[in-house]
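Residue-level structural notes
Each chain, letter by letter, is given below.
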Amino acid sequence: MNHDGHLDLITASRDNQHSHIYYNDGQTNFTNKQAFGNPADTRSIAVIDLNKDGYPEIIKGNVVGGNVIYFGSKDRQYTRTIQFSSAKEETSSLAVADVDSDGDTDILVGNFNASNYIMLNKNAGQSFEQVKLSPQKYATYDIVVADLNKDSREDILVGNSDGLSFYYLNPFPKNKKAAENGEGR
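Below or above, wherever it landed, is the structure these notes cover. (Residues numbered from 1 in each chain as written. Predicted model: local features only at pLDDT ≥ 70, side-chain atom pairs only at ≥ 80, totals over all residues. Heavy atoms only, no water.)

1. Considerations on the overall build of the protein chain
Within the protein chain, the secondary structure is distributed over one helix and 13 strands. Along the protein chain, helices (α) and strands (β) appear in the sequence β-β-β-β-β-β-β-β-β-β-β-β-β-α when read from the amino end. Taken against the 2.2 N^0.38 rule, which gives 16 Å for 185 residues, the C-alpha radius of gyration of the protein chain at 17 Å falls within 12% of a compact globule. Dimensions of the protein chain, computed from C-alpha atoms along their principal axes, come out at roughly 45 × 40 × 30 Å. (Helix = DSSP H or I, 4+ residues; strand = E, 2+ residues; numbered from the N terminus. Rg over C-alpha atoms; globule rule 2.2 N^0.38 Å.)

2. Looking at the sheet that holds strand β6 (residues 81–83)
On the basis of which strands lie adjacent, the open sheet formed by six strands has the order β1-β2-β3-β4-β5-β6 and antiparallel pairing. The sheet is open, and its two borders are formed by β1 (9–11) and β6, each paired with just one other strand. Direction aside, neighbouring strands of the sheet carry axes that sit 35° apart on average. Note: strand β2 (residues 17–23) against strand β3 (residues 32–48), six bridges, orientation antiparallel. Paired with S19 across the strands is F36, a residue of β3. (Pairing = 2+ DSSP bridges. Axes fitted to C-alpha atoms, helices over the stretch in contact; angles between N-to-C directions.)

3. So, the pairing of strand β10 (residues 128–132)
When strand β9 (residues 117–121) meets β10, the two strands line up antiparallel, connected through five bridges. Bridging across to β10, M119 finds its partner in Q130. What sits between β9 and β10 in their antiparallel hairpin is a turn of six residues, with A124 showing a positive phi close to 50°.

4. Some thoughts on the pattern of salt bridges
One pass over the full model with this rule turns up five salt bridges. Where D104 meets K52, a salt bridge forms, and the shortest distance between an N and an O atom there is 3.3 Å. One end of the pair, D104, is in the loop between β7 (91–97) and β8 (106–114); the other, K52, is in the loop between β3 and β4 (57–64), with 52 residues separating them in the sequence. Relative accessible area serves as the criterion here: at 16%, D104 is assigned to the buried category. On the accessibility criterion, K52 (54% relative accessible area) is exposed. A salt bridge links E129 to K122, with the shortest nitrogen-to-oxygen separation between them at 3.8 Å. E129 sits in the partly exposed class, given a relative accessible area of 39%. Taken together, the salt bridges that share partners define one network made up of R14, D41 and R43. (Salt bridge = Lys/Arg side-chain N within 4 Å of Asp/Glu carboxyl O. Buried < 20%, exposed > 50% of the residue type's maximum accessible area, 1.4 Å probe, protein only.)

5. Let's talk about the environment of Y78
Tracing the backbone through its elements, the reader meets Y78 in the loop between β5 (68–70) and β6. Expressed as a C-alpha distance, the spacing of Y78 and R14, which sit 64 residues apart in the sequence, is 19 Å. Ignoring sequence-local partners within four residues, the contact set of Y78 consists of M1, I21, Q34, F36, P56, I58, Y70, F71 and G72. (Contact = heavy atoms within 4.5 Å.)

6. Thoughts on the pairing of β2
Bridge count between β1 and β2: three bridges; the pairing is antiparallel. In the sheet register, T11 faces β2, and the bridge partner there is H20.

If you want it as structure tokens, here you go:
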């Protein structure tokens, strides 16, 4: 998170507490911590450079208050944010992948008692298009991506409590530009 070459830790908060970044000193000591964002009941965190500026964003999947992207910057303050879901959703799981094969990382959202969906990254992390995976509401506890059918595109797996779990083969057409470059997407 601070570009020193050591993997840092990020914790999801519960019970309306702050989430924290714990910086690794290179000796696996994580005593230097930094709170970020508003206190929330966060169940899942994803980290990825959505806007490709060299600084990773932190995406918080919250049970209360809506999901938020905290944009990374040189000063590591995470003050620029976008809320990308309803405050009424109970998000339990996040995943990130380029599911529409356009070169931008998308956000997959697994909810409890609400529809699961993909947030397609449309403008380097500045705007998104929501695509529901299904109109049904499940008790989703995990959402992950993997290329199940070996077609070089990310498929979506959803783990639900008290019900069936599902997988969705990638519904997006292969990207013509990548296919022309021989990349198989």
